[in-house]
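This is what each chain is made of:
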Amino acid sequence: MELKRILLATGNPKKAEEMKRLLEAYSMQVEVPEEEINVEEVGSSFLENAYIKAQAYYERYRMPILADDSGLVVYALDGYPGVFSSRFYQHQYGGKEEVKTSKDDANIRKVLRLMQGIENRKAKFVAFLVLSLGDAGCWAKGECEGSILPEPRGSQGFGYDPIFQPEGIQKSMAQLKPEEKDLISHRGKAIRNLIKILRGGKL
Ligand code: ITT
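Draft legend 1. The arrangement of unusual backbone geometry in detail. For the peptide bond that leads from tyrosine 80 to proline 81, omega is -5 degrees, which places it in the cis range. Counting through the fold element by element, proline 81 comes out in the loop between strand 3 (65–74) and helix 3 (103–114). Of note in this structure, arginine 62 is not a glycine but carries a positive phi near 50 degrees. Here arginine 62 is to be found in the loop between helix 2 (46–61) and strand 3. Arginine 62 gets classed as exposed once you look at its relative accessible area, which sits at 53%.

Set out below in structure tokens:
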């Protein structure tokens with residue numbers, strides 16, 4: 001199936017920038033919503049939350065919608081922040097963290113605090129995409145394995161990028177150029193998997 005125009009179901013400008021960059025490589029016209037919809041992400045999985053976001057935006061805009069639900073999974077922290085990644089600083093798991101400069105900074109400080117003295121630093125980024133066309137749709141997934149650094153490094157990207165070191169790379173995700181992140185990131189892989197589904201004629 002050939003999709004020309006698509007609206008991103010996100011209120012996160014940095015995430016939207018990445019999705020736009022990745023999709024435009026496939027000649028798609030990518031739009032961002034004029035107004036963010038306040039969606040309650042009540043699902044217990046990334047897929048469920050991506051579906052909830054896609055549905056909410058489809059109801060409002062009635063055009064092809066692509067939603068992304070993503071996050072950081074730290075094995076030694078029972079899979080947290082997981083689906084709570086964007087607001088981990090205020091989650092009761094591990095105690096709340098005060099916001100001093102930004103939410104991203106508070107989230108990072110909390111993960112580093114919880115990881116103090118823990119040897120197993122393995123983690124992964126996960127992204128689930130849901131495409132909604134109203135009467136049809138599909139989903140795709142991408143993962144990026146790595147580990148949690150002892151302190152933040154770099155200023156590119158967003159979220160937990162400064163404390164995440166992708167497997168086989170001697171830099172944090174926030175030290176990579178945008179095109180380097182796209183090649184290995186969970187979101188890059190998920191978008192390429194989605195394109196395969198669309199091109200494979202399975203939708
Ligand atoms: P929308 O729901 O409006 O899309 P959001 O930021 O709340 O925006 P999520 O609920 O999917 O999105 O939460 C994703 C969080 O996971 C995000 O805020 C970051 O903290 C983290 N995250 C996801 N992808 C990331 C990436 O590529 N690099 C760093 N952190 C990432």
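Draft legend 2. Inspection of the side chain of serine 70 at higher detail. Counting through the fold element by element, serine 70 comes out in strand 3. At a separation of 3.0 Å, a polar atom in the side chain of serine 70 contacts the side chain of arginine 187. Sequence-distant contacts of serine 70, defined by excluding residues within four places in its chain, comprise Lys15, Phe46, Gly82, Ser85, Val126, Ala127, His186 and Arg187.

Draft legend 3. Representation of the site of the ligand in the model. Taken together, the neighbourhood of the ligand is formed by 20 residues, with Thr10, Lys15, Lys53, Asp161 and Lys181 sitting nearest. Within the backbone of glycine 11, an N or O atom sits 2.8 Å from an oxygen atom of the ligand. Coverage of the ligand by the protein amounts to 92% of the 610 Å² it exposes when considered alone. For the shell around the ligand, the secondary-structure elements that each account for two or more residues are strand 3 and helix 5 (186–199). It is strand 3 that provides the largest number of residues to the shell around the ligand, a total of 4 residues. When grouped by side-chain class, the residues that make up the shell around the ligand number 3 nonpolar, 9 polar and 8 charged.

Draft legend 4. Expanded view of the nonpolar core. One finds Ile6, Leu23, Met28, Leu66, Leu131 and Leu194 to be the most contacted residues of the largest nonpolar core, which totals 21 residues. Per-element tally for this core: the top contributor is helix 5, with 5 residues. Not counting residues within four places of it along the chain, the set of residues in contact with leucine 66 comprises Ile6, Leu7, Leu8, Ala9, Met19, Leu23, Leu129, Val130, Leu131, Ile191 and Leu194. Leu72, Leu77, Ile163 and Leu176 belong to the second largest nonpolar core, which has 18 residues in total.

Draft legend 5. Fine view of the pairing of strand 1 (residues 5–8). Relative to strand 2 (residues 29–31), strand 1 runs parallel, the two sharing 3 bridges. Along strand 2, the bridge assignment pairs leucine 7 with glutamate 31. A crossover connection joins strand 1 to the parallel strand 2 through helix 1 (residues 13–24); in handedness this β-α-β unit is right-handed. The pairing of strand 1 with strand 3 spans 2 bridges and is parallel. Note on strand 3: the bridge partner recorded for leucine 7 is isoleucine 65.

Basis of the calculations
- Residues numbered from 1 in each chain as written.
- Predicted model: local features only at pLDDT ≥ 70, side-chain atom pairs only at ≥ 80, totals over all residues.
- Heavy atoms only, no water.
- Helix = DSSP H or I, 4+ residues; strand = E, 2+ residues; numbered from the N terminus.
- Buried < 20%, exposed > 50% of the residue type's maximum accessible area, 1.4 Å probe, protein only.
- Polar contact = N/O pair within 3.5 Å; in protein donor to acceptor, adjacent residues only side chain to side chain.
- Contact = heavy atoms within 4.5 Å.
- Near = heavy atom within 4 Å.
- Areas by Shrake-Rupley, 256 points an atom, 1.4 Å probe, with all protein chains shown as cover.
- Nonpolar A, V, L, I, M, F, W, Y, C, P; charged D, E, K, R; others polar.
- Core = buried A, V, L, I, M, F, W, Y, C linked by side-chain atoms within 4.5 Å.
- Pairing = 2+ DSSP bridges.
- Right-handed = clockwise from strand over helix to strand, strands pointing away.

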